[in-house]
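# Structural features, examined
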Amino acid sequence: MTVEDRRSDDGPATDPHHEGSHDEDSRTTDSTESFAADSFETDSFKHEALRRRLQADIARMRPDEALPTERRLAERYDVSRATARRALQALREDGLIRSVRGVGTFVSHPHVTKTSTLTSFSEDLRSRGYRPSAELLAAELVEADLHHATALGVDPGTTLHRIERLRLGDGFPICLETVHLSAERFPDLDESLLKGSLSEALQNTQGVRVVRATQQIRAVNVTGRQARLLGVKEGSAALLVRRTAFDGTGHVVEYGESLCRGDLYEFSLVVTK
């Protein structure tokens, strides 16, 4: 048998150099894909680790306090700027920080979440770690127009207390509130009691306890004076909450309208079918 015959029996000839090159290319491709996957997982881990660390830092900071720049964060924690950027974006999406173009990144104010449970504004703020207070803007006697007379269940022209207050959390404006209540039922209202929770003041001084309330919530945009008082730009989004409060006998205690900052206040309700 000739050499050519043996080659024919063994099958087609192969190029050892070509075969080795193919294996090497395959190993290179597998290695590259593995490196890319490892790099992605490493970047994801770093981004999440940095997010958690910054979240812990933010918990010890005050609202409106500035965070280091993206570059400073990358240098401080020995990560890439892309990783720092992803961590900041995650915190922004969580509502923990806010960015102002050309100015910087700052700690956000905690959102005040209102649920279907009957609580006062002061109670809502305390539950989020705020120190509630109120700035009295007006306390006067007015005649009930048709709208307020209907809401309070009194005759038009009845004398009412009109109380306008700026509700604050840690001295920061959150809601602009106007409350009307019967001057006949509550003839003496000490202005010193109006710097905190009105519901608590009525219960402690008048023996009147609110046990039920109806609320209507509507999205609005703030006007000039409202914007100045709330510390936001004119036209900013807000929530207008109309509330009628009742005592245990079913009588109306107060009717109020609260204009709440849309960036700080939210409602969380459970609905069933």
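As the structure is a computational prediction, the values presented were derived from the model and not from experiment.

## Some details on the overall build of the protein
- What the protein contains, in helices and strands, is eight helices and 10 strands.
- Within the protein, the proportion of its 273 residues that are buried is 35%.
- Residue pairs at least 24 apart in sequence account for 59% of intrachain contacts in the protein once pairs closer than 6 positions are excluded.
- For the protein, the accessible area works out to roughly 17000 Å², and carbon and sulfur atoms hold 49% of it.

## Observations regarding unusual backbone geometry
- The phi dihedral of Asp 78 falls on the positive side, at around 55°, and the residue is not glycine.
- Tracing the sequence through the fold places Asp 78 in the loop between helix 3 (70–77) and helix 4 (81–93).
- When its relative accessible area of 67% is taken as the criterion, Asp 78 is described as exposed.
- One non-glycine residue, Asp 170, lies in the positive phi region at around 55°.
- With relative accessibility at 33%, the residue Asp 170 sits in the partly exposed group.

## Notes on the packing of aromatic side chains
- The final tally for this structure, using the stated rule, is two aromatic pairs.
- When the centroid spacing of 6.4 Å and the interplanar angle of 5° are considered together, the rings of Phe 121 and Tyr 265 count as stacked. Remark: Tyr 265 occurs in strand 10 (residues 265–267) and Phe 121 occurs in helix 5 (residues 121–127); sequence separation between them is 144 residues.
- Owing to a relative accessible area of 11%, Phe 121 belongs among the buried residues under this scheme.
- On the basis of an interplanar angle of 55° and a centroid distance of 5.7 Å, the ring pair of Tyr 265 and Phe 267 is categorised as tilted.

## Section: the confidence of the model for the protein
- Residues at a pLDDT of 70 or more form 84% of the protein, whose mean pLDDT is 82.
- The low-confidence segment residues 24–41 (pLDDT under 50) makes zero contacts with residues lying over four places distant or belonging to another chain.

## Concerning the pattern of salt bridges
- Tallied over the full model, the rule gives 16 salt bridges.
- Arg 242 is the salt-bridge partner of Glu 257, the closest N and O atoms lying 3.2 Å from each other. Here Glu 257 is found in strand 9 (residues 252–261), whereas its partner Arg 242 is found in strand 8 (residues 237–247), with 15 residues between them in sequence.
- A residue is classified by how much of its surface remains accessible, and Arg 242, at 24% relative accessible area, is partly exposed.
- Here Arg 261 and Asp 263 are joined by a salt bridge, their closest N and O atoms 2.7 Å apart.
- What you see here is one network of salt bridges that share partners, running through Glu 140, Arg 162, Glu 164 and Arg 225.

## As for the sheet that holds strand 7 (residues 210–221)
- Here six strands make up an open sheet; going across it, the order is 4-5-6-9-8-7 and the pairing antiparallel. Every interior strand has two partners, whereas the edge strands, strand 4 (132–143) and strand 7, have only one. Sheet twist, expressed as the mean angle between neighbouring strand axes with direction ignored, is 15°.
- Where strand 7 lies against strand 8, 11 bridges are found, and the strand directions are antiparallel. The residue of strand 8 that forms the bridge with Ile 217 is Val 241.
- Relative to strand 9, helix 7 (residues 198–206) is tilted by about 155°, and along the sheet it contacts strand 5 (159–169), strand 6 (172–182), strand 8 and strand 9.

## Some remarks on helix 3
- Every buried residue belonging to helix 3 is among Glu 70, Leu 73, Ala 74 and Tyr 77, and all of these are buried. In a view along the axis of helix 3, the buried residues occupy a sector of 100°, so they form one face of it. Residues of helix 3 that are exposed and point over 90 degrees away from its buried face: Glu 75 and Arg 76.
- After helix 3 finishes, the residue Asp 78 shows a positive phi value of roughly 55°.

## Some words on helix 7
- Within helix 7, burial applies to Leu 198, Ser 199, Ala 201 and Leu 202. Around the axis of helix 7, the buried residues are gathered within 160° of arc, so they sit on the same side.
- Those residues of helix 7 that are buried are in contact with strand 5, strand 6, strand 8 and strand 9.
- For helix 7, the N-terminal cap is Ser 197; the gap from its side-chain oxygen to the backbone nitrogen of Ser 199 is 3.5 Å.

Criteria and cut-off values
Residue positions are given per chain, counted from 1 along the sequence in the order it is written. Only residues with pLDDT of 70 or above have their local features reported here, since the model is predicted, and side-chain atom pairs are shown and tallied only from 80 upward, although totals for entire chains, interfaces and linings are computed over all residues. Side-chain descriptors were evaluated using all non-hydrogen atoms of the structure, hydrogens and water having been removed beforehand. Put simply, DSSP H or I for four residues or longer makes a helix, DSSP E for two residues or longer makes a strand, and each gets a number counted from the N terminus. Buried residues are those whose accessible area, probed at 1.4 Å on protein chains only, stays under 20% of the maximum for their type, while exposed residues exceed 50% and partly exposed ones sit between those limits. The criterion used for residue contact is that any of the two residues' heavy atoms lie within 4.5 Å. Residue-level accessible areas treat just the shown protein chains as cover; the underlying method is Shrake-Rupley with a 1.4 Å probe. Ring pairs are drawn from Phe, Tyr and Trp, using the six-membered ring of Trp, whenever the two centres fall within 6.5 Å, and their geometry is named by plane angle: stacked under 30 degrees, edge-to-face over 60, tilted for the rest. Per-residue confidence from the predictor is reported as pLDDT, a score between 0 and 100. Salt bridges are identified by distance alone: a Lys or Arg side-chain nitrogen within 4 Å of an Asp or Glu carboxyl oxygen. Note on pairing: DSSP must find at least two bridges between two strands before they are called paired. Throughout, an axis means a line fitted to C-alpha atoms (over the contacting stretch in the case of helices), and angles, computed between N-to-C directions, take values from 0 to 180 degrees. What the arc covers is the set of directions going from the helix axis to the C-beta atoms. We call two N or O atoms a polar contact when they sit within 3.5 Å, provided that within protein one can donate a hydrogen and the other can accept it, with sequence-adjacent residues counted only if both atoms are side-chain atoms.

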